[in-house]
Amino acid sequence: MADALSAVREPVLSRAAIFRSLSEEDDLRWSRQCLQTQVAPGTVLFDYNGEGTHVFFSLEGSLRLTVRLGDRKELFLEEFPPGQVVGDLSALDGHTYAACLMSSTEAQLLMMPQALFRQIVAERPPVCLELVTVMARRLRSLIQRMSELSYLDARHRLYNTLLRLSQPCDEQKDRRIIAPPIIHADLAEYIGASRETVSREMSRLLQDGVIERTSDAIILRQPRELLRRLSKVGLA
């Protein structure tokens with residue numbers, strides 16, 4: 001799965017959002033019970049129905065979570081930046097992993113034993129509250145995604161996804177940007193469509209001047225146009 005594992009010798013848990021309330025003493029004590037490793041892009045950290053052993057979070061680099069819909073189809077669920085905990089569900093309910101987690105980039109990972117994760121959640125109410133808040137936010141996002149998959153065609157799911165993944169553009173306030181650019185295959189997984197469908201719709205948006213693609217970003221030149229098109233199906 002990864003390169004050589006090594007012991008953690010300094011307090012690093014507070015670099016994860018849910019553990020920021022830990023005292024320095026608690027952070028150091030529990031960090032030393034974890035392992036860290038460096039992984040290459042595309043490394044599978046856990047797979048569908050794999051036996052749960054650890055909770056993961058990235059100190060550097062991004063992690064990618066997908067769920068299997070059929071024998072050959074996967075749906076992209078979420079991209080986790082550094083500091084976001086993944087694998088918490090399996091640690092809490094004792095079941096196997098329900099999704100596939102892999103590294104999107106080269107990443108430095110912290111691996112926490114599930115028993116230690118449960119101990120911290122039980123003994124530190126602020127950590128528990130932050131975890132519940134994170135899980136509620138993920139549930140809301142999942143409900144929205146499932147609604148889109150049920151009621152929107154691929155074209156409008158793509159519009160919504162481009163808006164959701166983009167950030168305000170510092171140079172031009174009326175534009176939004178996705179950097180680094182997401183490839184068509186990943187967009188297809190995210191919206192539950194074929195890569196050919198995504199490529200066709202992205203070409204139309206390029207021709208219409210709604211988006212622009214550079215080597216390091218996708219620029220939404222007319223985000224209001226995407227909102228206008230979504231408004232026709234009652235989503236804007």
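Up top you'll find the structure we're talking about.
Parameters and conventions
Residues numbered from 1 in each chain as written. Predicted model: local features only at pLDDT ≥ 70, side-chain atom pairs only at ≥ 80, totals over all residues. Heavy atoms only, no water. Helix = DSSP H or I, 4+ residues; strand = E, 2+ residues; numbered from the N terminus. Pairing = 2+ DSSP bridges. Contact = heavy atoms within 4.5 Å. Axes fitted to C-alpha atoms, helices over the stretch in contact; angles between N-to-C directions. Core = buried A, V, L, I, M, F, W, Y, C linked by side-chain atoms within 4.5 Å. Buried < 20%, exposed > 50% of the residue type's maximum accessible area, 1.4 Å probe, protein only.

**Side note on the environment of Lys232**
Stage number 1. Within the secondary structure, Lys232 is located in the segment after helix 8 (223–231).
Stage number 2. A C-alpha to C-alpha distance of 44 Å links Lys232 and Val39, two positions 193 residues apart in sequence.

**Some points on the sheet that holds strand 8 (residues 107–113)**
Stage number 1. What the four strands build is an open sheet, ordered 1-2-8-4; its pairing is antiparallel. The outermost strands of the open sheet, each flanked by one partner alone, are strand 1 (6–7) and strand 4 (54–60).
Stage number 2. With five bridges joining them, strand 2 (residues 35–39) and strand 8 adopt antiparallel strand pairing. Pairing of Thr37 across the sheet is with Leu109, part of strand 8.
Stage number 3. The strands that helix 3 (residues 114–123) touches are strand 4 and strand 8; relative to strand 8, the one it contacts most, it runs at about 75°.

**Describing the nonpolar core**
Stage number 1. Of all hydrophobic cores here, the largest spans 23 residues; its most connected members are Leu13, Phe19, Val85, Met112, Phe117 and Ile120.
Stage number 2. The set of elements that each furnish at least two residues to this core consists of strand 4, strand 8, helix 3 and helix 4 (125–151).
Stage number 3. Top contributing element to this core by residue count: helix 3, with four residues.
Stage number 4. Among the nonpolar cores identified, the runner-up in size contains 22 residues, and Ile182, Ala188, Val210 and Leu220 belong to it.

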